[in-house]
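Single-letter residue listing:
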Amino acid sequence: MNAPLNQPNVSFREMQIDDLDAVIQIETVNFPFPWTAGNFKDSINSGHICLVLEIDELMIGYAILMMVLDEAHLLNISISADWKGKGWGRHLLNHMMQISREQGGLNMFLEVRPSNVSAITLYESIGFNEMGVRPGYYPAHNGRENAVLMGVAL
Ligand SMILES: CC(C)(COP(=O)(O)OP(=O)(O)OC[C@H]1O[C@@H](n2cnc3c(N)ncnc32)[C@H](O)[C@@H]1OP(=O)(O)O)[C@@H](O)C(=O)NCCC(=O)NCCS
């Protein structure tokens, strides 16, 4: 489903430290091993591109992007549970890809759990391909889980 892009008051803005309570609420629902507020603060302070997606000033998602020369690394992308499945994740990812291009990015990379079918389906539908596997990359309740490394030309 396409996000209703003609909907008024849809905006992206930079994540602020004051946003972190709301960010953490979404993060802890969405991930079994969520980022901490400290992880987000580190990203903001490191100069990563940290954006929130808002509708009528309600935060419904966020993404964290690290640029390394012409490589864009998507470190986090997340849509609030109430807003999933309505096209907003695709909208946010497309926006992060556009920002990456504007910053001189030639390729975007990300890691994803092989069990994260909805995310992998989204990435593949946008053109990401599997580039490799990072064994035991993620913590898991029964040990460690591999990461699939995916990439797309920008
Ligand atoms: C992954 C995530 C960002 C996708 O956002 P979303 O707003 O739910 O996704 P969209 O509605 O934009 O859907 C885009 C595409 O993703 C895929 N998708 C979304 N939900 C899916 C599901 N439950 N099952 C299979 N595919 C799914 C589909 O290809 C969909 O395209 P379509 O609607 O044309 O079929 C969101 O589910 C999320 O925040 N998940 C938890 C956090 C997370 O796992 N982040 C990624 C870490 S690598």
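Residues numbered from 1 in each chain as written. Predicted model: local features only at pLDDT ≥ 70, side-chain atom pairs only at ≥ 80, totals over all residues. Heavy atoms only, no water.

The name given to the chain in an unreviewed UniProt entry is [Ribosomal protein bS18]-alanine N-acetyltransferase, and the organism recorded there is Candidatus Methylopumilus turicensis. Under the heading Function (unreviewed entry), UniProt records this for the chain: "Acetylates the N-terminal alanine of ribosomal protein bS18." The record held by UniProt for the chain lists under Catalytic activity (unreviewed entry) the comment "N-terminal L-alanyl-[ribosomal protein bS18] + acetyl-CoA = N-terminal N(alpha)-acetyl-L-alanyl-[ribosomal protein bS18] + CoA + H(+)". (UniProt positions renumbered as here; feature names shortened; annotations may be inferred.)

We now examine helix α4 (residues 117-126). Among the residues of α4, Ala119, Ile120, Leu122, Tyr123 and Ile126 are the ones counted as buried. All buried residues of α4 fall inside an arc of 160° around its axis, so they share one side. Set apart from the buried face of α4 by more than 90 degrees, the exposed residues are Val117, Ser118 and Glu124. Buried residues along α4 sit against β4 (71-79), α3 (88-102), β5 (107-112) and β7 (143-153). Following α4 by one or two positions, Gly127 adopts a phi angle in the positive range, close to 115°. (Buried < 20%, exposed > 50% of the residue type's maximum accessible area, 1.4 Å probe, protein only. Helix = DSSP H or I, 4+ residues; strand = E, 2+ residues; numbered from the N terminus. Arc of directions from axis to C-beta. Contact = heavy atoms within 4.5 Å.)

The next point concerns the environment of Arg101. Relative to the helices and strands, Arg101 resides in helix α3. Each C-alpha atom, one on Arg101 and one on Glu71, is 9.8 Å from the other, the two residues being 30 residues apart in sequence. Within the structure, Arg101 has its side chain in polar contact with the backbone oxygen of Leu154 (distance 2.8 Å). (Polar contact = N/O pair within 3.5 Å; in protein donor to acceptor, adjacent residues only side chain to side chain.)

In this structure, the largest pocket occupies an estimated 1,100 Å³ of space. Phe31, Ile77, Asn116, Ala119 and Tyr123 are the residues nearest the centre of the largest pocket, which is lined by 36 residues in total. With 6 residues, β4 is the single largest residue contributor to the lining of the largest pocket. Counted by class, the lining of the largest pocket contains 20 nonpolar, 10 polar and 6 charged residues. (1 Å grid on protein atoms, 1.4 Å probe; cavity = no way out; pocket = protein on both sides within 12 Å on 5 of 7 lines; lining within 4 Å. Points joined across faces, edges and corners; volume = space filled by probe spheres on them. Nonpolar A, V, L, I, M, F, W, Y, C, P; charged D, E, K, R; others polar.)

Neighbouring residues of the ligand: 21 residues in total, closest Ile79, Gly87, Gly89, Arg90 and Asn116. For the ligand, an oxygen atom lies 2.7 Å from a polar atom in the backbone of Gly87. Between an oxygen atom of the ligand and a side-chain N or O atom of Arg90, the distance comes to 2.8 Å. Protein burial of the ligand: of its 920 Å² of free accessible surface, 74% is covered by the chains. With respect to the pocket detection grid, the ligand is positioned in the largest pocket. For the shell around the ligand, the elements supplying multiple residues, two or more each, are β4, α3, β5 and α4. Considering each element in turn, the shell around the ligand owes the most residues, 5 residues, to α4. For the shell around the ligand, the class distribution of residues is 9 nonpolar, 8 polar and 4 charged. (Near = heavy atom within 4 Å. Areas by Shrake-Rupley, 256 points an atom, 1.4 Å probe, with all protein chains shown as cover. Sits in = over half its atoms within 2 Å of the grid points.)

Our focus in this paragraph is the pairing of β7. As paired elements, β5 and β7 share 6 bridges and run antiparallel to each other. When the sheet's bridge partners are listed, Met108 is paired in β7 with Val152. Between strand β6 (residues 129-140) and β7, which pair antiparallel and follow one another directly, the connecting turn spans 2 residues. (Pairing = 2+ DSSP bridges.)

Let us look at the packing of aromatic side chains. Across all of its chains, the model carries 4 aromatic pairs by this definition. Measuring from centroid to centroid gives 4.9 Å for Trp35 and Phe40, while their planes differ by 50°, and the two rings are tilted. Using a relative accessible area of 21% as the deciding quantity, one classes Trp35 as partly exposed. For Phe40, a relative accessible area of 0% puts it in the buried group. (Phe/Tyr/Trp six-rings, centres within 6.5 Å; stacked < 30°, edge-to-face > 60°.)

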